[in-house]
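# Analysis of the macromolecular model
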Amino acid sequence: MVNTKEKHRLVVCSAEELQEGNRQLIEVNGVEIGLIRAEGIIYAFRNSCPHQGVPMLYGSVVGTMLPSKPHEYVYAHHNEIIRCPLHGWEFNLKTGKAMFSPDVSIKTYEIKEENGEIVLYLDKEPKQVTRKAFSCILSS
Amino acid sequence: MVTPSTRTSGLIDCDIHPVLSDFNELVPYLDESIQQYMNIGKFAKGALAKQNSGSFKFPSSPYANPLPVPLRADAFPPNGDIPGSDPAFLAQDLLDRCNTTYGILNIGHGTMAAFHNVEVAAKYTSAANDWLYDKWVKSDPRYRMTMEVTPLDPAMAVKEIERIGKRPEIVGINLHCVNIPLGKRHYWPIYEIAEAYNLPIVLHPDSEGTGEYAATAGVGPASTYMEWHTSLGLIGQRNVISLVCDGVFEQFPNLKVNFIEYGFSWVAPTMWRMDKNWKALRHEVPWLKMLPSEYIRRNIRFGTQPIEEPARPKDLIEIIQMIGAEHMLLFCSDYPHWDGDEIDRAFLHFPQDLKDKIFYHNPLESFRF
């Protein structure tokens, strides 16, 4: 753990452990953070849907339809959307915002791949860190 | 009598039912082909009328009202004809008594909407519109009318609207309910001209259960008139959902749809359920840009009659607040039907400003005045 500038740097796992389609779960200071790689991009998000608290790590990563004219379908955001596994709420992995309202979101975290390591940059010092096991059929 | 002192606004009664005394009243408005089809005028079949399929039978509800007198027994005109058949008596018995500013006539013979012969239905509908205009609207300056159209043939409906829809006394389009949900693009030509003419669509029970194209009542046929009547709200609910989900109010943002006589207490849970589902399933209806409930509040209005009567009357006020329906409710007497509402008794628990909206301001905004 290294404190760089304002953020606190936390190495989560090796890049090999978060390959395309892989998911990882870590608990930092009592808060679960889910990690996922989709289309080569790594994302980190709070592992709790703001609706009923279900773990988002079990959500499908998908694309969706953009707002359109009546009876037109415009597909976009391919594999940039994670859906809550319970009610299907869509969240943009890049922004954390729900597709149905910018006022609803899951917290996202700054995450980078650096020298073969997956690194989180956190606002608060990570005092308690635990890698957690989980079983998700959607993981490859 | 309701005196002006008990009200602080005008009064627009959004649902008054005129009826034909006899189908022969339409003879002047129908060509011989339809007279012959309907066995009216010189084409009456006499004795054969009682034979099965021996003559034309006007589509009517198979659910007979079981009351001894299924219309207001205090509304028979002096000549003994059917309640709702005499324009002058109705004006006196309802409009004078209630100090009504405007009374909107919704013709009580809309069962033709679900009739199997659409050509006949369309010509009948045009004739009924002309009869209503000539006999009723011209008889008293307080009368306004909705014009009927044939829901099964939008092209003919559009022609009918083009024919008479600009008359200032016509304040809405009485569409009627068939087995095609209201959101379907089938209806969009009608909605397009309705929006252009600033005429709201009015949906009023009439054809439910009466013809081959009638809408189904939820799970299946009702056993009794009570079951049928109570189930009408389900049909209203289904059509509200259809209108919103199929994007009608994205395509026609200024269109108003007035649901008359389908109740309104069910609107709050319908909104809640739709809003919840939209958060999960919006990708299936991506044309909806805001919560379904917001479209309902913006574009749909509801008649008050038959007013729902909870055990604690003020519960109804709370439901109105839950819906946000203060601007959405339209006063309807439903005169001379058995389930109508008396204006000075049905709203005793309503605050004055809400009554002013329901009695006058909401109808003024929702119909074309």
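Conventions we followed
All residue numbers refer to position in the chain's written sequence, counted from 1. Written order determines the labels here, with chains lettered from A and ligands numbered from 1. Owing to the predicted nature of the model, reporting of local features is limited to residues with pLDDT of at least 70; listing and counting of side-chain atom pairs is limited to 80 or more, with chain, interface and lining totals taken over all residues. By convention in this description, side-chain values take in all heavy atoms of the structure and omit both hydrogens and water. Note on ring pairs: Phe, Tyr and Trp rings are taken, using the six-membered ring of Trp, and paired if centres are within 6.5 Å. Classes follow the plane angle, with under 30 degrees stacked, over 60 edge-to-face and the rest tilted. Each helix is a run of DSSP H or I of at least 4 residues and each strand a run of E of at least 2, with the numbering of both proceeding from the N terminus. Using a 1.4 Å probe on the protein chains alone, a residue whose accessible area is under 20% of its type maximum counts as buried, one over 50% counts as exposed, and one in between counts as partly exposed. Should DSSP find at least two bridges between two strands, the strands are regarded as paired. Contacts are assigned to residue pairs with any non-hydrogen atoms lying within 4.5 Å of each other. To get an axis, fit a line to the C-alpha atoms, keeping to the stretch in contact for a helix; angles then go from 0 to 180 degrees between the N-to-C directions. Roughly parallel refers to an angle under 35 degrees, roughly antiparallel to one over 145, roughly perpendicular to one between 65 and 115, and oblique to any angle outside these ranges. By salt bridge we mean one thing: a side-chain nitrogen of Lys or Arg within 4 Å of a carboxyl oxygen of Asp or Glu. The quantity reported as buried area is the accessible area (1.4 Å probe) lost by two parts once they are put together, taken as the sum for both. Under this definition, polar contacts are N or O atom pairs within 3.5 Å; protein pairs additionally need one hydrogen-donor-capable and one acceptor-capable atom, and for neighbouring residues in sequence, both atoms have to be side-chain atoms. Three classes are used, and their members are as follows: Ala, Val, Leu, Ile, Met, Phe, Trp, Tyr, Cys and Pro are nonpolar, Asp, Glu, Lys and Arg are charged, and the others, Gly among them, are polar. By disulfide we mean two sulfur atoms from cysteines, separated by a distance within 2.5 Å.

The name an unreviewed UniProt entry assigns to chain B is Amidohydrolase, from the organism Brevibacillus panacihumi W25.

Under the annotation held in an unreviewed UniProt entry, chain A carries the name 2Fe-2S ferredoxin and is attributed to Brevibacillus panacihumi W25.

### Looking at the packing of aromatic side chains
Residue and element names in this part refer to chain B. With the rule as written, the count across this model stands at 24 aromatic pairs over all chains. Centre to centre, the rings of Phe331 and Phe347 are 5.8 Å apart; their planes meet at 65 degrees, and the pair counts as edge-to-face. Of this pair, Phe331 sits in the loop between strand 8 (329–330) and helix 11 (343–346) while Phe347 is found in the loop between helix 11 and helix 12 (352–366), placing the two residues 16 residues apart along the sequence. Exposure class is identical for Phe331 and Phe347. Each is buried. Judged by centre distance (5.2 Å) and plane angle (90 degrees), the ring pair of Phe347 and Phe350 falls under edge-to-face.

### Focus: the pairing of strand 7 (residues 75–83) of chain A
Residue and element names in this part refer to chain A. Pairing analysis gives 5 bridges linking strand 6 (residues 60–65) to strand 7, with the strands arranged antiparallel. Among the inter-strand pairings, Val62 is bridged to a residue of strand 7, identified as Ile81. In terms of strand pairing, strand 7 meets strand 8 (residues 90–92) through 3 bridges, oriented antiparallel. Along strand 8, the bridge assignment pairs Ile82 with Phe91.

### A short note on the environment of Pro306 of chain B
Residues and elements named next belong to chain B. Note on placement: Pro306 falls in the loop between strand 7 (300–303) and helix 10 (315–323). Take Pro306: its relative accessible area is 22%, and that puts it in the partly exposed class. Linking Pro306 and Ser333, residues 27 residues apart in sequence, is a C-alpha distance of 8.4 Å. The residues touching Pro306, leaving out its near neighbours within four places in the chain, are His229, Glu261, Asp339 and Asp341.

### Description of the packing of helix 8 (residues 267–281) of chain B against helix 9 (residues 292–299) of chain B
All names here are of chain B. In the contact formed by helix 8 and helix 9, the axes pass within 7 Å of each other and the chain directions differ by 140 degrees. Viewed along their axes, helix 8 and helix 9 adopt a mutual orientation that is oblique. Residue-level inspection shows Val267, Met271, Met274, Asp275 and Trp278 of helix 8 in contact with helix 9, the latter providing Pro292, Ser293, Ile296 and Arg297.

### A word on the pattern of salt bridges
All names here are of chain B. Summed over all chains, the structure comprises 24 salt bridges over all chains. Two residues, Asp315 and Arg312, come together in a salt bridge whose shortest N-O distance is 3.2 Å. The exposure class assigned to Arg312 is exposed, which follows from its relative accessible area of 58%.

### A word on the interface of chain A and chain B
Each partner contributes to the interface: chain A provides 18 residues, whereas chain B provides 16 residues. For the pair chain A and chain B, the summed buried surface comes to about 1,500 Å²; carbon and sulfur atoms form 59% of the total. Its largest share of buried area at the contact with chain B, chain A owes to Pro70, His71 and Phe100 of chain A, together 43% of the area lost on that side. The partner of Arg282 of chain B in a salt bridge is Glu90 of chain A, with the nearest N and O atoms 2.7 Å apart. For the pair chain A and chain B, the number of links is 10 residue pairs in polar contact (both at pLDDT 80 or more). Looking at side-chain class alone, the side of chain A that touches chain B contains 8 nonpolar, 6 polar and 4 charged residues.

### Quick look at unusual backbone geometry
Cis geometry is found at the peptide bond from Gln305 of chain B to Pro306 of chain B, where omega equals -5 degrees. For Glu39 of chain A, which is not a glycine, the phi torsion comes out positive at approximately 55 degrees. By secondary structure assignment, the location of Glu39 of chain A is in the loop between strand 4 (31–38) and strand 5 (41–46). The backbone of Asp334 of chain B shows a phi angle near 65 degrees, a positive value even though the residue is not glycine. By secondary structure assignment, the location of Asp334 of chain B is in the loop between strand 8 and helix 11.

### Quick notes on the state of the cysteines
Across all of its chains, the model carries 0 disulfides over all chains by this definition. Of all cysteine sulfurs, the one in Cys136 of chain A lies closest to Cys13 of chain A, which takes part in no disulfide; the gap is 16 Å. Unpaired in terms of disulfides, Cys14 of chain B finds its nearest cysteine sulfur in Cys332 of chain B, a separation of 5.0 Å.

### Topic: the sheet that holds strand 8 of chain A
Residues and elements named next belong to chain A. With antiparallel pairing, 3 strands are arranged side by side in an open sheet as 6-7-8. A single partner strand is all that each edge strand has here, and the edge strands are strand 6 and strand 8. Direction aside, the axes of adjacent strands within the sheet are offset by 55 degrees on average.

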